[in-house]
Amino acid sequence: MAVQLSVGTRKGLFLFRGEPGSGAWELEGPLLSGWSVYHALVDPRDGTLYAATNNWAYGGTFHRSNDLGQTWERTEQLGLPEESGLKLAATWHVEPGQEEGTLWLGGDPGVLFRSDDGGATWKVNDGILSHPTRDRWQPGAGGMCCHSIQVSDGSLYVGISAAGAFRSDDGGDSWAPINSNVAAEFQPETYPEVGQCVHKLLAHPNQSERLWQQNHCGVYRSDDRGDSWERLDGNGLPSGFGFPLALDANDPDVAYVIPEESAENRVTSDGRLGVYRTADGGASWELWSDGLPDQAWAAVLREGFGSDAQGLYFGTQSGSVWAAPHSGGWMEAARDLPPILSVEASEWP
């Protein structure tokens, strides 16, 4: 079965259709020309294409398309209450909810929105907006962004840089910090309640208690819905620093990361473009570079790594898209695109 990749870039959205083991991909785009597409995906419930979009003139907003990008509707009323003293700087991530028509949208400054009508209208989540620890949150290099949203077995999870990870068990009314044993080595207190710079947070789709995160300070796994975390980057990874993270939906012990040299030198480790894979829950990691260039000083952003049942896919800031089946080598699907911000995979009939 063919795959569609929704590839968000600094200069619009591109759609790729093909197979991960093939070098021949059909390309459509750019769609949404003039917009930076921080994240885009096809809703598996009804096939609607959603995009978190940003523009220097119009600010952070949201687009949706019912015909795979031929026509678009843009949200007009997305913003924050005046009494909050905050202004929406950017939208970062869109995530389908559990109920029909429900969507979640994360943004900067560390805010979360909910829509119950497929993105036509939005309401800010007060539990995150008014969280009692907010005065201890600080923006990372990309702003104070809510970039990770996960819906798993009745719980909601968000990752905010640099505030940490949070869980809600009551539909988003209240949020508990879940940062125990997660380091914030750039702070005076190494293990604070909040203030960690989580770069990407994912819940395993078939093992609801298992979470993974790529953090500013290491790679972590939790087996109790984030109540505690185990650090995993001293056992085969060249660096604990990185942004993207991908999981294997069929095996909760398999995860993939793309490490970078350090926070000060944000290029792929050891001067090569390398994906690292664990098959034992993070006890060990191996380099998977078959087909990738031996020398490449590249960078992959937090939303730039996607996976599905057929394969894995990532895009670089230098404009290349790479794809591989789970048991094969990497092939370059495209190059010379604008800087890539996000990659998401969906089935293509």
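Everything discussed here concerns the structure shown above.
Predicted, not measured: the structure shown is a model, and the values here were computed from it.

Definitions and cut-offs
Residues numbered from 1 in each chain as written. Predicted model: local features only at pLDDT ≥ 70, side-chain atom pairs only at ≥ 80, totals over all residues. Heavy atoms only, no water. 1 Å grid on protein atoms, 1.4 Å probe; cavity = no way out; pocket = protein on both sides within 12 Å on 5 of 7 lines; lining within 4 Å. Points joined across faces, edges and corners; volume = space filled by probe spheres on them. Helix = DSSP H or I, 4+ residues; strand = E, 2+ residues; numbered from the N terminus. Nonpolar A, V, L, I, M, F, W, Y, C, P; charged D, E, K, R; others polar. Buried < 20%, exposed > 50% of the residue type's maximum accessible area, 1.4 Å probe, protein only. Pairing = 2+ DSSP bridges. Salt bridge = Lys/Arg side-chain N within 4 Å of Asp/Glu carboxyl O. Phe/Tyr/Trp six-rings, centres within 6.5 Å; stacked < 30°, edge-to-face > 60°. Lys NZ or Arg CZ within 6 Å of the ring centre and 35° of its normal. Polar contact = N/O pair within 3.5 Å; in protein donor to acceptor, adjacent residues only side chain to side chain. Contact = heavy atoms within 4.5 Å.

If a probe as big as a water molecule is rolled over the atoms, it shows which places are left empty. Empty space within the largest pocket amounts to approximately 1,200 Å³. Along its surface, the largest pocket is lined by 36 residues, and Glu95, Pro205, Ser307, Glu344 and Ala345 are the ones closest to its centre. Of all the elements in the fold, those that place two or more residues in the lining of the largest pocket are strand E4 (36–42), strand E8 (90–96), strand E12 (145–152), strand E16 (198–203), strand E20 (242–248), strand E24 (305–307) and strand E28 (340–348). In terms of residues, the lining of the largest pocket owes the most to one element, E28, which gives 5 residues. Class assignment of the residues belonging to the lining of the largest pocket gives a composition of 17 nonpolar, 10 polar and 9 charged.

Here the focus is the pairing of strand E25 (residues 311–315). Extensive coverage of E25 is indicated by the burial of 5 of its 5 residues. Of the strand pairs in this sheet, E24 and E25 are connected by 3 bridges, and their pairing is antiparallel. Paired with Gly306 across the two strands is Tyr313, which belongs to E25. Hairpin remark: E24 followed by E25, antiparallel, with 3 residues in the connecting loop. The hairpin formed by E25 and strand E26 (residues 321–325) contains 5 residues between the paired strands, and Gly319 there has a positive phi angle of roughly 95°.

Glancing now at the pattern of salt bridges. Using the criterion set out here, one finds 19 salt bridges in the structure. Taking the shortest distance from any N to any O, the salt bridge between Glu73 and Arg64 comes out at 3.2 Å. Using a relative accessible area of 40% as the deciding quantity, one classes Glu73 as partly exposed. Its relative accessible area of 17% is what places Arg64 among the buried residues. Residue Arg231 is joined to Asp233 by a salt bridge in which the shortest nitrogen-to-oxygen separation is 2.8 Å. By relative accessible area, Arg231 is classed as partly exposed at 36%. For Asp233, a relative accessible area of 12% gives the class buried. Via salt bridges that share partners, Arg210, Arg221, Asp223, Glu230 and Asp253 belong to a single interconnected network.

Another aspect to go through is the packing of aromatic side chains. Applying the stated criterion to the full structure yields 11 aromatic pairs. When the ring of Trp288 is compared with that of Trp330, the centres are 4.8 Å apart and the planes differ by 40°; the resulting orientation is tilted. Here Trp288 is found in strand E23 (residues 286–288), whereas its partner Trp330 is found in the loop between E26 and strand E27 (331–334), with 42 residues between them in sequence. When its relative accessible area of 4% is taken as the criterion, Trp330 is described as buried. Residues Phe305 and Phe314 carry aromatic rings whose centres are separated by 6.1 Å and whose planes lie at 85° to one another, so their mutual orientation is edge-to-face. Given the relative accessible area of 7%, Phe305 is considered buried. Aromatic ring contacts, followed pair by pair, group Tyr256, Trp288, Phe305, Phe314 and Trp330 into a single cluster. Directly above the ring of Tyr58 sits Arg74, whose terminal nitrogen or CZ lies 4.9 Å from the centroid.

Another point: the side chain of Ser289. Secondary-structure assignment places Ser289 in the loop between E23 and E24. Taking relative accessible area as the criterion, Ser289 reaches 17% and is therefore assigned buried. A distance of 3.2 Å separates polar atoms of two side chains, one belonging to Ser289 and the other to Arg272. Setting aside residues up to four positions removed in sequence, Ser289 forms contacts with Arg272, Leu273 and Trp330.

Next up on the list: the sheet that holds strand E10 (residues 111–115). Spatially, the 4 strands line up as an open sheet ordered E8-E9-E10-E11, and their pairing is antiparallel. Taken across any chain shown, the strands that pair with only one partner, and hence form the sheet edges, are E8 and strand E11 (123–124). Pairing geometry for E10 and E11, over 2 bridges, is antiparallel. By the bridge assignment for E11, Phe113 is matched with Val124.

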